[in-house]
Amino acid sequence: MTHVTTETVGTDAGDARITWHEARRARLVLAVSHGAGGGIEARDLQALAAALPAHGVSVALVEQPWRVAGKKLAPAPKTLDTGWRGVWPALAAPGLPVISGGRSAGARVACRTAAGLGAHAVLALSFPLHPPGRPEKSRAAELLGAGVPTLVVQGGNDPFGRPEEFPPGDFRLAEVAYGDHGFAVPKRAEITQERALEIVTGAVREWVVSLL
């Protein structure tokens, strides 16, 4: 049984909240934040929190200050980064290497701040390579500039960037076939929703173990 606790952390962007899913003998912390359109209830974040503690990884699900405050719209990237930096001391408090991660907008935050915070690695779930239908507005520089080992887990049908659209670079990429931006798969897909989430957690688990 995973030990789950919650703590509130004050930042210069307001109060953030961390929900810890602690491993019994933790060797790493995986800190993951949500995107601009949802919270830590996202299916992939919950799947990781359920699967990884058994493998020596404590999972910290981070709610950004704007979500804790009940706002519906995410603030500017600079404010998101401020909130993430403010949470970092609490994430590092166990004295273990911390993988900085997030989904969508949270993945961009993790990439932008990783080097400055001394992150062990970056996990980018559904990295929004570009706005839907606007491939010329690439955010590849954020991903390529992370400066630490990076894993991207991307849906095969993600309108914010399909796997084949990603440039070559010093990162790993795992594809969830048929998945959209939230890793939802259509009923006609050759894989079930459960299998899609197993692909996410399996890819992350394998990569994390390689970092130990």
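Placed above this text is the structure.
Small disclaimer: the values here were computed from a predicted structure and weren't measured. (Residues numbered from 1 in each chain as written. Predicted model: local features only at pLDDT ≥ 70, side-chain atom pairs only at ≥ 80, totals over all residues. Heavy atoms only, no water.)

Trainee: Even after reading the chapter, I still don't get the sheet that holds strand β5 (residues 98–103), so can you show me in this structure?
Mentor: The strands that make up a sheet pair up through hydrogen bonds in the backbone, lying either parallel or antiparallel. Read across the sheet, eight strands follow the order β1-β2-β4-β3-β5-β6-β7-β8 without closing on themselves; strand pairing throughout is mixed. Only two strands of the sheet have a single neighbouring strand rather than two, namely β1 (3–11) and β8 (172–176). Pairwise comparison of adjacent strand axes, ignoring direction, gives a mean angle of 20 degrees for this sheet. Against the sheet, helix α3 (residues 77–92) contacts β1, β2 (14–22), β3 (28–33), β4 (57–63) and β5, and its axis sits at roughly 130 degrees relative to β1. Packing against the sheet, helix α6 (residues 193–211) makes contact with β3, β4, β5, β6 (121–125), β7 (150–155) and β8, and its axis sits at approximately 160 degrees to β8. (Pairing = 2+ DSSP bridges. Helix = DSSP H or I, 4+ residues; strand = E, 2+ residues; numbered from the N terminus. Axes fitted to C-alpha atoms, helices over the stretch in contact; angles between N-to-C directions. Contact = heavy atoms within 4.5 Å.)

Trainee: Can you help me understand the pairing of β2 in this one?
Mentor: Here is the key point about a regular strand: its side chains alternate between the two faces of the sheet. As paired strands, β1 and β2 are joined by nine bridges and run antiparallel to one another. Paired with Val 4 across the strands is His 21, a residue of β2. Hairpin remark: β1 followed by β2, antiparallel, with two residues in the connecting loop. As paired elements, β2 and β4 share five bridges and run antiparallel to each other. Across the sheet, the residue bridging to Thr 19 is Leu 61, located in β4.

Trainee: Help me understand the packing of aromatic side chains, please; the structure alone is not making it clear to me.
Mentor: In this description, an aromatic ring pair is defined by two values, namely the gap between the centres and the angle between the planes. This model, assessed by the stated rule, comprises three aromatic pairs. Among the aromatic side chains, those forming a connected cluster through ring pairs are Phe 127, Phe 166 and Phe 171. (Phe/Tyr/Trp six-rings, centres within 6.5 Å; stacked < 30°, edge-to-face > 60°.)

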